[in-house]
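One letter stands for each residue in the lines below.
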Amino acid sequence: QKEVEQNSGPLSVPEGAIASLNCTYSDRGSQSFFWYRQYSGKSPELIMFIYSNGDKEDGRFTAQLNKASQYVSLLIRDSQPSDSATYLCAGGSGGSNYKLTFGKGTLLTVNP
Amino acid sequence: DTGVSQDPRHKITKRGQNVTFRCDPISEHNRLYWYRQTLGQGPEFLTYFQNEAQLEKSRLLSDRFSAERPKGSFSTLEIQRTEQGDSAMYLCASSLGWGPLAMDGYTFGSGTRLTVV
């Protein structure tokens, strides 16, 4: 069974701090990884994707991938109260049978 | 609006009734997915289509569930003889689905929240 594991949290950080969200996956065939943000009662929205080992930065967000350790993370710098949401990690295997497997999500609260 | 559209947004039904949900994907996306999400859980895969072909169905999708995408455009998800355990958010997503890595990810619709009473 392909699984994506996340700490459910909640994770609470003060405004302006760095929030660190972590994810592990079991399927070594997974090739691409996605971070989605989901506000309460809303649908997930894509923040970032990563498919190469190392770091990928986009504004205040940095995704990190370590395929040897089967580990993905998302760092949010200068956290804002508007970042308070559930963050979903998802892994996808490529090719013709492509679909994403999601973790349960980590609830992040940024305190003003 | 060029996003993924789902209808209805909310549905309350009595146990045993049939319900049908509709999803209109982004027009240039050839892949369409259905997921189900319950409180405190991540989205769980139900089924997906490449154009009009249904390529995979999850074991979660019992015989009471059926999905169609008749012309490769919009899709419907029908649940027959609803049960209280069917109460969830039903999410539709679409993607381009190109290339070996398919790095475009999904674009989700707003979801249909089903409550079975």
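Just so you know, these numbers come straight off a predicted model, no measurement behind them.

A. Up close: the environment of R64(B). All names here are of chain B. With respect to the element layout, R64 can be found in the loop between strand 6 (53–57) and strand 7 (65–68). Residue classification places R64 among the buried residues on the basis of a relative accessible area of 12%. As for R64 and D86, which are separated by 22 residues in sequence, their C-alpha atoms are 10 Å apart. Excluding anything up to four places from it in sequence, R64 contacts E78, I79, Q80, R81, T82, E83 and D86.

B. Spatial organisation of the sheet that holds strand 8 (residues 75–79) of chain B. Residues and elements named next belong to chain B. The antiparallel open sheet is built from four strands, whose spatial order is 1-3-8-7. Of all strands in the sheet, those with a lone pairing partner are strand 1 (5–7) and strand 7, marking the two edges. Sheet twist, expressed as the mean angle between neighbouring strand axes with direction ignored, is 15°. With three bridges connecting them, strand 1 and strand 3 (residues 19–24) associate as antiparallel partners. By the bridge assignment for strand 3, S5 is matched with D24.

C. Quick look at the sheet that holds strand 7 (residues 61–66) of chain A. Residues and elements named next belong to chain A. With antiparallel pairing, the five strands of this open sheet are ordered in space as 1-3-8-7-6. This sheet does not close on itself; its edge strands, each paired only once, are strand 1 (4–6) and strand 6 (54–58). On average, each strand axis in the sheet is inclined to that of its neighbour by 20°, with strand direction left out of account. Direction of pairing for strand 3 (residues 19–25) relative to strand 8 (residues 71–76): antiparallel, over a ladder of six bridges.

D. Broad picture of the nonpolar core. Ranked by size, the top nonpolar core spans 22 residues in total, and within it W35(A), V72(A), L74(A), I76(A), Y87(A) and L108(A) carry the most contacts. For this core, the secondary-structure elements that each account for two or more residues are strand 3, strand 4 (30–38), strand 5 (45–50), strand 7, strand 8, strand 9 (85–93) and strand 11 (106–111) of chain A. Within the second largest apolar cluster, 19 residues are counted, among which are L46(B), L61(B), I79(B) and V116(B).

The rules we used
- Residues numbered from 1 in each chain as written.
- Chains lettered and ligands numbered in written order.
- Predicted model: local features only at pLDDT ≥ 70, side-chain atom pairs only at ≥ 80, totals over all residues.
- Heavy atoms only, no water.
- Helix = DSSP H or I, 4+ residues; strand = E, 2+ residues; numbered from the N terminus.
- Buried < 20%, exposed > 50% of the residue type's maximum accessible area, 1.4 Å probe, protein only.
- Contact = heavy atoms within 4.5 Å.
- Pairing = 2+ DSSP bridges.
- Axes fitted to C-alpha atoms, helices over the stretch in contact; angles between N-to-C directions.
- Core = buried A, V, L, I, M, F, W, Y, C linked by side-chain atoms within 4.5 Å.

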